[in-house]
Amino acid sequence: MDGSSSGVDWTNLPPQLYPLIAQNLKTHIEVRRFRSVCSSWRSSIPPFCASISPNFPFPHGPTGFLSQITVYLTRPDPNPDPNPNPSSSSSSPSSKGWLLKLEECADKIRLLNPITNWRVSSVKDDVARNPTDLNLVDLNMVELGKAYALKYTKGSGSIFGINKVIVAPNFIDCSIFMIYNEGKLGFAQIGNEKLTLINDQISDYDDLIVYKGQPCVINKWGQIFRINSSLELVPFSPPIGFGCRKNLIECCGELYVVDRYLDANQQDQTSLKMHVRNASFNFFLRHPLRRRRRIFESDHPKAIDFKVYKLGDEELGGRWVEVKSLGDQAFFLSVDCCFSVLAAELEGCKGNCIYFTDSNDIGFALRELIRSDGSVFSLEDRSINWLSSSPVYSQMFSPLPA
């Protein structure tokens, strides 16, 4: 391997460093990228072997296993072909990147739509099985966010009724927190056969996040709680109130809340939650496949407005400051995680916008079976448009089909 271009000959690293580096390689892609550097690195560690995912109890059955989902900003090849074909008429490649969302489940990698989670294709041997034959090893990838999903032990479908899952940091053994049945907060741990319901008198939690190394949850009133090791909820912000659904998002080290207003009024929220909860179990028993999306679109509430708040003065109990502009930042409210991107770094992306899907308000399983299009909300003129209405937005997901 010739390291003259960068001044480093990677083949001459001390051999004892290889296993130390390998200990921190947790995913299929990380192992493959390590082994692709040169023959010395390739022979130093074995190919990735998917470990058996631990089983967790879940609300409506015995156990399920955890899959990991990662969102990347993938950039153009930093070392393009130095001798391009002079007869080619294509223009110079853009310096901007695109979004890529990958689910690692056992020995498979699935490509997902970054906003809606609709499955795009599967990956085998790091090559996407779609017309573009995307090679994951050659991409320059920056992690934007991580999410998790509980899957049925038999099969690969997501478990009904689960709205959000995070892995609990700094807890003994492997533990997870989840929001399920449209608002209940649960805790599950390897070795325990039952799910622990936290604060069983309350069923109004909207979102979970790991912030500054601690699990946090927000309720429908916009009050945030830290969850300590005793599973106690410690408030560290005042409530916001107002909107119908809150999402937590970390941007540049600061915590934000995106408050979503739906076309159903506040008096309809209780019946709405019951409607969605019941739909998670019997929707697909009552309606054939060709009618599911049409019924979903006519019955399900749609977002009509958003407000954004930033948390300040955390040491003094916190206070909310309404954010009128995101500047060049763009917020993405995916169905399983929220993340931010500098619009100047993402092809087809507009700053001061919120990208979202209305399927945030249904469980994982319905999201997989109903193909819901993404939308974009502009904080500048407060308009909402379908992403599919403009080919510009599809460039955010290239070279994958939207």
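These numbers come from a predicted model, not from an experiment. (Residues numbered from 1 in each chain as written. Predicted model: local features only at pLDDT ≥ 70, side-chain atom pairs only at ≥ 80, totals over all residues. Heavy atoms only, no water.)

Draft legend 1. Summary view of the packing of aromatic side chains. This structure, assessed with the given rule, holds 9 aromatic pairs. Taken together through their ring pairs, the aromatic side chains of Y18, F34 and W41 make up a single cluster. (Phe/Tyr/Trp six-rings, centres within 6.5 Å; stacked < 30°, edge-to-face > 60°.)

Draft legend 2. How the structure looks around the layout of surface pockets. Taken as a whole, the second largest pocket encloses approximately 420 Å³ of empty space. As for the second largest pocket, its lining consists of 26 residues, of which G145, K146, I209, V210 and C338 are closest to the centre. Elements represented by at least two residues in the lining of the second largest pocket include exactly strand 7 (140-152), strand 8 (162-167), strand 12 (205-211), strand 16 (245-251) and strand 21 (338-342). Considered class by class, the residues forming the lining of the second largest pocket number 18 nonpolar, 3 polar and 5 charged. (1 Å grid on protein atoms, 1.4 Å probe; cavity = no way out; pocket = protein on both sides within 12 Å on 5 of 7 lines; lining within 4 Å. Points joined across faces, edges and corners; volume = space filled by probe spheres on them. Helix = DSSP H or I, 4+ residues; strand = E, 2+ residues; numbered from the N terminus. Nonpolar A, V, L, I, M, F, W, Y, C, P; charged D, E, K, R; others polar.)

Draft legend 3. Representation of the pattern of salt bridges. Throughout the structure, instances matching the rule amount to 10 salt bridges. One salt bridge connects K146 with E143, and the closest N-O pair in it is separated by 3.6 Å. Classification of E143 by relative accessible area gives partly exposed; the value is 42%. The partner of E254 in a salt bridge is K310, and the shortest N-O contact between them spans 3.7 Å. With E254 in strand 17 (residues 254-262) and K310 in strand 18 (residues 303-312), this residue pair connects regions lying 56 residues apart in the sequence. On the basis of relative accessible area, K310 is assigned to the partly exposed category, the value being 27%. Among the charged side chains, a salt-bridge network with shared partners connects E103, R110 and K151. (Salt bridge = Lys/Arg side-chain N within 4 Å of Asp/Glu carboxyl O. Buried < 20%, exposed > 50% of the residue type's maximum accessible area, 1.4 Å probe, protein only.)

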